[in-house]
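Close look at the chain arrangement
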Amino acid sequence: MAATAGLTVYSSARHGMPSTTKIELDSSVQGLVEIWDDPEATPKTTLLVAEGSHAKVVHRQGHLLIAADSFPKSATLSVGGGVLEISGHLPLVTLMGDCMLTATSGRDAAIAKVVVGSDSQLTFGNEKALNIHKLSATGGARLTLAQFSSSECRLRIREVEPGVTLVARSNTPIVWGIRSASGVLLIGGVNLEVERHGICSGLTGEALGDWKPAIAAAENAVITELEGTFILGSVRGATIAGGSRGYLIAGIAERRFGRDGITQDPLAQSILREFSIPSGLTGRKLLTKFSSVFQLEPSRQHLPGSQMTAWREFNLRRPWRSVQSLFLGAGPSDRDRVNLFLDSELMRELHRLVKEHGAPGASRTKVGWCAYRLRHATTEGRVERLALTGYRTLGYGERPLPSLVTWLALSMLMAGVILGFDPALSKMGFQTFLSETLCRVPGSVEALN
């Protein structure tokens, strides 16, 4: 057959058919070969391709069995539907539609590279015997992962190249054995497990309805530049760091029993950086699982209380029917007050954790400032509120600038009093006091010298 020729092979279920159907392509076959097998047929179709053939095989339908030793590297294989059963090691498989990959029972199977050529759905079961060494995609094609059964479904992929998009509409499909991955978009309930010493970067997570992507990592694995929303599985001894915009921890896996019968904390000795958590009660519950983290460094961009101002504090404390409300508008709702109290408790606990788990100074300062601002806004006691007002002039012990401004203001006041100025209680009197002090203090300092 010439390279431009095409061959379409059809097979259908018939009474008394043999247990297998065999298709043999010799070296003269150089063109496109499409295989359409009856999906209701009991036998499998076995494909044998002779050495030297440049056949472009496209499996469209049915159950196709290919052994690596009977499929030369000169031929190409694409799957646009049906089931592809593999034994041995194939160099390249291109996915062009909804299909299923499986390994022949009792034999190891591997694919050096799987290319997602168009939007496809890949169905798999608990395929521990099937290894995909490299996964890539062209033209922004998406690969939807689907489960073969209601039990746990696992597929091993060693390396995921940039530009791959993985989608799952449940939280069952698990992609494990990841050694390296970068620039990958995870949508829905994709579970990604990074092996020990694995390195991943640039992963982005997007929720799909109620399903959120999950990541797990073995000891000494490093995942950086995370963005989006993720559920953390077991990341014991791993480093999980966000990118410039950080990442949101939407949930954390439950404790599991190890082989020794001892419960294993999923976050034990892990390093978590540039992350954020949901506000309110949800985030506060998550913080109860952070006690065994080795180092904690939350993102400083979206902390509750970071936008708190003195005007907002006053507005939050205003009664609904006060005189000020006639001029300043309606006061806060009960729900706003409750959320503020929950955020205050969240930041109080986060402040304690960052101090105990070695967060950098910038993170401790930012978290501490936000915690005090929320405490200042929610406290009901007048004495405590007054004390916090005074403490705020010192930056709550977290920021140096308020302390410096307070010291300068008190220094100017004391200097004016010592020099004998008696300002009038008016705007003009204050301006006169300030200008005279600024003019006289430098001269007094020179006289002391």
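Nothing here was measured: the structure is a model prediction, and the numbers come from that model.

Let us look at the overall build of the protein chain. Helix and strand counts for the protein chain stand at eight helices and 26 strands. A burial count over the protein chain gives 45% of its 449 residues as buried. Across the protein chain, the fraction of contacts at a sequence separation of at least 24, relative to all contacts at a separation of at least 6, is 40%. In the form shown here, the protein chain has an accessible surface area of approximately 23200 Å², with 55% of it arising from carbon and sulfur atoms.

Before going further, it helps to examine the pairing of strand β10 (residues 109-116). In terms of burial, β10 is largely enclosed, as six of its eight residues are buried. Summarising the sheet, strand β8 (residues 83-95) and β10 pair through seven bridges and their orientation is parallel. In the sheet register, Leu95 faces β10, and the bridge partner there is Val116.

Buried residues of helix α1 (residues 280-287): Gly280, Gly283, Arg284, Leu286 and Leu287, and no others. Buried residues in α1, looked at end-on, bunch into an arc of 160 degrees, giving them a common side.

This brings us to unusual backbone geometry. In this model, His197 sits at a positive phi of 70 degrees, which is unusual for a non-glycine residue. With phi around 60 degrees, Gln269 is a residue other than glycine that occupies positive phi space. Within the fold, Gln269 resides in the loop between β24 (263-264) and β25 (271-276).

Within the largest apolar cluster, 89 residues are counted, with the highest numbers of intra-cluster contacts made by Leu47, Ile240, Leu272 and Phe290. Setting aside residues up to four positions removed in sequence, Leu47 forms contacts with Ile23, Leu25, Ile35, Val57, Leu64, Leu65, Ile66, Ser70 and Phe71.

Our next topic: the pairing of strand β11 (residues 120-124). Extensive coverage of β11 is indicated by the burial of four of its five residues. As paired strands, strand β9 (residues 99-103) and β11 are joined by two bridges and run parallel to one another. In the strand pairing of β11, Met100 is matched with Thr123. As paired elements, β11 and strand β13 (residues 142-147) share five bridges and run parallel to each other. By the bridge assignment for β13, Leu122 is matched with Leu145.

What follows covers the confidence of the model for the protein chain. Model confidence for the protein chain is summarised by a mean pLDDT of 80, while 73% of its residues fall at 70 or above. Note on residues 1-5: pLDDT is under 50 here. Beyond four places in sequence and across chains, it has eleven contacts. Here residues 314-331 is a poorly scored stretch, pLDDT under 50, and it has 26 contacts once near neighbours within four places are set aside; other chains count.

In this model helix α5 (residues 361-378) runs 26 Å from its N-terminal to its C-terminal C-alpha over 18 residues, within 8% of the 26 Å that 1.5 Å per residue would give. Most of α5 is tucked away, with 13 of its 18 residues classed as buried.

Turning to the side chain of His351, a few remarks are in order. Within the secondary structure, His351 sits in helix α4 (residues 334-356). Assessed through its relative accessible area of 11%, His351 is described here as buried. Those residues in contact with His351 that sit more than four places away from it in its chain are Arg364, Val367, Gly368, Ala371, Tyr372 and Glu398.

Time to look at the pattern of salt bridges. Tallied over the entire structure, the rule returns twelve salt bridges. A salt bridge links Lys134 to Glu161; the shortest N-O distance between them is 3.7 Å. Here Lys134 is found in strand β12 (residues 126-137), whereas its partner Glu161 is found in the loop between β14 (153-160) and β15 (165-168), with 27 residues between them in sequence. The salt bridge involving Arg154 is made with Glu193; its shortest N-O contact spans 3.2 Å. Taken as a pair, Arg154 in strand β14 and Glu193 in strand β18 (residues 191-201) lie far apart in primary sequence, 39 residues in all. With relative accessibility at 14%, the residue Arg154 sits in the buried group. On the accessibility criterion, Glu193 (26% relative accessible area) is partly exposed. Via salt bridges that share partners, Arg284, Glu345, Arg348, Glu349, Arg352 and Glu356 belong to a single interconnected network.

Another aspect to go through is a nonpolar patch on the surface. A cluster of nonpolar side chains, Leu401, Leu404 and Val405, forms an exposed patch at the surface whose accessible area comes to about 290 Å². By secondary structure assignment, the location of Val405 is in helix α7 (residues 400-418).

The next subject is the environment of Ala241. Relative to the helices and strands, Ala241 is located in strand β22 (residues 239-252). Assessed through its relative accessible area of 10%, Ala241 is described here as buried. Sequence-wise, Ala241 and Phe275 are 34 residues apart; in three dimensions their C-alpha atoms are separated by 7.2 Å. Excluding residues within four positions of it along the chain, Ala241 makes contact with Ile223, Thr224, Glu225, Leu226, Tyr247 and Arg273.

Before going further, it helps to spend a moment on the environment of Cys200. Looking at the element boundaries, Cys200 is found in strand β18. Spatially, the C-alpha atoms of Cys200 and Ile223 are 4.7 Å apart, while their sequence positions differ by 23 residues.

Here the focus is the environment of Leu135. Here Leu135 shows up in strand β12. By relative accessible area, which is 1% here, Leu135 ends up buried. Taking the C-alpha atoms as reference, Leu135 lies 9.5 Å from Ile111; in sequence the two are 24 residues apart.

Rules of the game
- Residues numbered from 1 in each chain as written.
- Predicted model: local features only at pLDDT ≥ 70, side-chain atom pairs only at ≥ 80, totals over all residues.
- Heavy atoms only, no water.
- Helix = DSSP H or I, 4+ residues; strand = E, 2+ residues; numbered from the N terminus.
- Buried < 20%, exposed > 50% of the residue type's maximum accessible area, 1.4 Å probe, protein only.
- Contact = heavy atoms within 4.5 Å.
- Areas by Shrake-Rupley, 256 points an atom, 1.4 Å probe, with all protein chains shown as cover.
- Pairing = 2+ DSSP bridges.
- Arc of directions from axis to C-beta.
- Core = buried A, V, L, I, M, F, W, Y, C linked by side-chain atoms within 4.5 Å.
- pLDDT = per-residue confidence, 0-100.
- Expected span 1.5 Å × (residues − 1).
- Salt bridge = Lys/Arg side-chain N within 4 Å of Asp/Glu carboxyl O.
- Patch = residues over 30% accessible without salt bridge, like charges linked within 9 Å, V, L, I, M, F, W, Y side chains within 5 Å.

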